[in-house]
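# Chain and residue survey
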Amino acid sequence: FLSVTEDLVRRRAEHNNCEIFSLEEISLHQQEIEKLEYLDKWCRDLKILYLQNNLIPKIENVAKLKKLEYLNVALNNIERIENLEGCEELKKLDLTANFIGELSSIEALKYNIHLKELFLVGNPCTEFEGYRQFVVATLHQLKCLDSKDIERSERIQALQNYPEVKQKIREQEQAYLLKRAGEKEEAQRRMQERKDKKQKQMESNIGFDSSDSLQNKEDHQAEGDGEQETWRRVDDDEEDRRFWEEPTPYTPESRLETHRYIEEKRKAKDNIRESKKREKPLQTLVTAEGKVLNVNVPKLHFSLNDDEENNQIILDLAVYRHLDTSLLDVDVQPTYIRVLVKGKPFQFVLPEEVKPDSSSAKRSQTTGHLVVTMPKVCKII
């Protein structure tokens, strides 16, 4: 799982000269964080903490943030309200679009006497009958719930009906927790299924590899690579289609599973890209027999002029005008010239033998082209 790291906190503390101990506000939203930790040790002075749109399943390790006034943990995987008693200055708590079904856990917020605003919209508990009355009657200090102000008359009425509303909430809560237990079991089963399937695939791949003789492998390598690539793509597309079309309930587990699936696919693509890079055949510049080849990997226009008057050969290579000269490497040999342009080779066999030591290379003042002048070995008689 991904946790809060010191490096991440420092990067997010640029506005505070990357100093974290005196940090009063930090935004760690959309960082794929799966565990909330260390902030209470590193940033004791925090007043505002943004953690929305992560994968945090539990509120923890914030109890020592005594000065914390605003905590935003919207769009996470939180299922109950807990461990906030130590946040003595907490005024605003945003839990929008989490998975809180244990509504009675809001009783833990009674100790946050300065809490004025609470957001629970988009949580399963907001569907309970009597949800608002229960919260209003439980948290006397609250001034606003889900962006709607709490009127004095509303609180009086909520307190009058409190015992029966509380009973109703408990019953609905129990039913919800039973349903959640079933969802957890189902998620566990799905995860095991996927694991088993992956294991079988790996075993069948290993079996295929070991049964294939080395000679067969070499014979089929060239023609089979493209075919294998096509099959892999078809398999991936099929797996993708099954994953996204399979109906699943919206739960913390399914949200986490989706995130892991996307991450897995991304890593697999990166690995394929990396292996392709490594597999790229090196450009042949000289054959096994020692024959020098003409090569133009950078695909540049060029002209080779025989300057008979001055007994020299001139190469004009149309490199990009704004290309830094440090990215050019010129190598003149008696029978050929090789220029590396950003590491890509341009090589040309010369019509006559030249003197490498007397050759010179410079950039044209007008076009930016590379101009290489190579004196010929044979003198004009």
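Residues numbered from 1 in each chain as written. Predicted model: local features only at pLDDT ≥ 70, side-chain atom pairs only at ≥ 80, totals over all residues. Heavy atoms only, no water.

Cut-off, in case you're wondering: UniProt positions are given in the numbering used here, feature names are shortened, and annotations may be inferred rather than shown by experiment.
Going by an unreviewed UniProt entry, the protein chain carries the name Leucine-rich repeat-containing protein 6 and comes from Circaetus pectoralis. Check the Sequence similarities (unreviewed entry) section of the UniProt entry for the protein chain; it says "Belongs to the tilB family."

### Comments concerning the pattern of salt bridges
How we decide: What makes a salt bridge here is a side-chain nitrogen of Lys or Arg within 4 Å of a carboxyl oxygen of Asp or Glu, nothing more. Put simply, DSSP H or I for four residues or longer makes a helix, DSSP E for two residues or longer makes a strand, and each gets a number counted from the N terminus. Accessible area is worked out with a 1.4 Å probe on protein chains only. A residue is then buried under 20% of its type maximum, exposed over 50%, and partly exposed in between.
A complete count under the given rule lists 24 salt bridges for this structure. Residue E107 pairs with K166 through a salt bridge whose shortest N-O separation is 3.9 Å. Of this pair, E107 sits in the loop between β4 (92-94) and β5 (117-119) while K166 sits in helix α5 (residues 162-211); the two residues are 59 residues apart in sequence, bridging distant segments of the chain. The class for E107 is partly exposed, based on a relative accessible area of 22%. Each of E79, K179, R180, E183 and E253 takes part in a single network of salt bridges with overlapping partners.

### Some thoughts on the nonpolar core
For the record, the criterion: Only buried Ala, Val, Leu, Ile, Met, Phe, Trp, Tyr and Cys residues count toward a nonpolar core, and they belong to the same one when joined by side-chain atoms within 4.5 Å. Note on contacts: a residue pair qualifies if any of its non-hydrogen atoms lie within 4.5 Å across the two residues.
Judged by nonpolar contacts, the single largest core of 53 residues is most densely connected at L49, L95 and L118. Of all the elements in the fold, those that place two or more residues in this core are α1 (6-11), α2 (39-42), α3 (131-138) and α5. Examining the composition of this core, we find that 5 residues originate from one element, α3, more than from any other. Setting aside residues up to four positions removed in sequence, L49 forms contacts with I26, L28, L39, V62, L65, L68, Y70, L71 and N72. Within the second largest apolar cluster, 18 residues are counted, among which are V319, L328, V372 and M374.

### Concerning the layout of surface pockets
The line we're drawing: Within this scheme a cavity is a closed region of a 1 Å grid, computed over the protein atoms alone, that accommodates a 1.4 Å probe without allowing it to escape, whereas a pocket is open but has protein on both sides within 12 Å along at least five of seven lines; lining residues each have an atom within 4 Å of a point. Grid points are joined across faces, edges and corners, and a volume is the space filled by probe spheres set on the points. Gly falls in the polar group here, along with every residue not listed as nonpolar (Ala, Val, Leu, Ile, Met, Phe, Trp, Tyr, Cys, Pro) or charged (Asp, Glu, Lys, Arg).
In this structure, the second largest pocket occupies an estimated 700 Å³ of space. In terms of lining residues, the second largest pocket is bounded by 25 residues, among which M191, E253, L256, E257 and R260 are the most central. Mapped onto the lining of the second largest pocket, the elements with two or more residues apiece are α5 and α7 (252-279). Looking at the lining of the second largest pocket, its residues break down into 7 nonpolar, 3 polar and 15 charged.

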